[in-house]
Amino acid sequence: MSRKNRAQRREVDPDPVYNSKLVSRFINKIMLNGKKSLAENIFYDAMELITEKTGEDAKEVLKEALNNVMPVLEIRTRRVGGANYQVPIEVDNNRRLTLGMRWIIDAARDRNEREMVERFTNEIIDAYNEEGGAVRKKEEVHRMAEANKAFAHYRW
């Protein structure tokens with residue numbers, strides 16, 4: 001993506017059920033091979049299951065789970081004088097959201113449950129409770145950033 005286009009992001013339309021752009025982005029991330037209706041079914045069924053299991057509003061659980069997964073720092077490789085340094089940098093809000101969603105969905109796909117609806121539901125509930133694969137990923141990234149704090153002066 002060129003610098004000129006970077007400022008102009010594509011806007012996603014809000015979904016019909018929750019009227020939320022966040023939900024639309026989640027559905028688009030879940031989607032494989034252009035099968036959007038399948039992704040929608042997975043998402044909405046998971047939201048119903050979350051409400052059943054937690055007894056709380058599924059959308060609020062989703063937002064809190066996402067907040068627990070979104071990273072504050074990440075590592076970028078920077079080449080300085082023939083050596084590569086892992087430089088910790090702060091993550092801007094749009095990238096935080098994208099990484100959080102990606103990690104939740106990837107962690108859900110790696111789970112052992114039988115169907116994607118169950119995997120996604122349980123991963124969101126785990127993230128809400130600050131456990132599970134996505135939260136582990138975030139903690140791992142933060143640990144790496146903390147370990148390489150000495151190279152923070154190479155930030156650009």
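Quick caveat, the model's predicted, so the values are computed rather than measured.

Procedures and definitions
- Residues numbered from 1 in each chain as written.
- Predicted model: local features only at pLDDT ≥ 70, side-chain atom pairs only at ≥ 80, totals over all residues.
- Heavy atoms only, no water.
- Salt bridge = Lys/Arg side-chain N within 4 Å of Asp/Glu carboxyl O.
- Helix = DSSP H or I, 4+ residues; strand = E, 2+ residues; numbered from the N terminus.
- Buried < 20%, exposed > 50% of the residue type's maximum accessible area, 1.4 Å probe, protein only.
- Core = buried A, V, L, I, M, F, W, Y, C linked by side-chain atoms within 4.5 Å.
- Contact = heavy atoms within 4.5 Å.
- Patch = residues over 30% accessible without salt bridge, like charges linked within 9 Å, V, L, I, M, F, W, Y side chains within 5 Å.
- Areas by Shrake-Rupley, 256 points an atom, 1.4 Å probe, with all protein chains shown as cover.
- Lys, Arg positive; Asp, Glu negative; His and termini not counted.
- Charge placed at Lys NZ, Arg CZ, Asp CG, Glu CD.

1. Topic: the pattern of salt bridges
Side chains bearing opposite charge may pair, as long as their charged atoms lie close to each other.
Next up, step 1: Going through the model one piece at a time under the given rule, you end up with seven salt bridges.
Next up, step 2: Two residues, E74 and R95, come together in a salt bridge whose shortest N-O distance is 2.9 Å. Taken together, the residues span a long stretch of sequence, with E74 in strand β1 (residues 73–80) and R95 in helix α5 (residues 93–110) at a distance of 21 residues.
Next up, step 3: For E74, a relative accessible area of 8% puts it in the buried group.
Next up, step 4: Residue E146 is joined to K149 by a salt bridge in which the shortest nitrogen-to-oxygen separation is 3.0 Å.
Next up, step 5: Through salt bridges with shared partners, a single ionic network connects R111, E113, E123 and D126.

2. Remarks on the nonpolar core
Next up, step 1: In terms of nonpolar packing, the biggest core is built from 37 residues, with F26, F43, L66, I104, F120 and I124 touching the most fellow members.
Next up, step 2: The element that contributes the greatest number of residues to this core is α5, accounting for eight residues.
Next up, step 3: Aside from chain neighbours lying at most four places away, what touches F26 is F43, L62, L66, M101, I104, I105 and F120.

3. Details of a negative patch on the surface
Next up, step 1: A surface patch of negative charge is lined by E56, D57, E60, E64, E130 and E139.
Next up, step 2: Mapped onto the fold, D57 is located in the loop between α3 (36–54) and α4 (58–69).
Next up, step 3: Classification of D57 as partly exposed rests on a relative accessible area of 45%.

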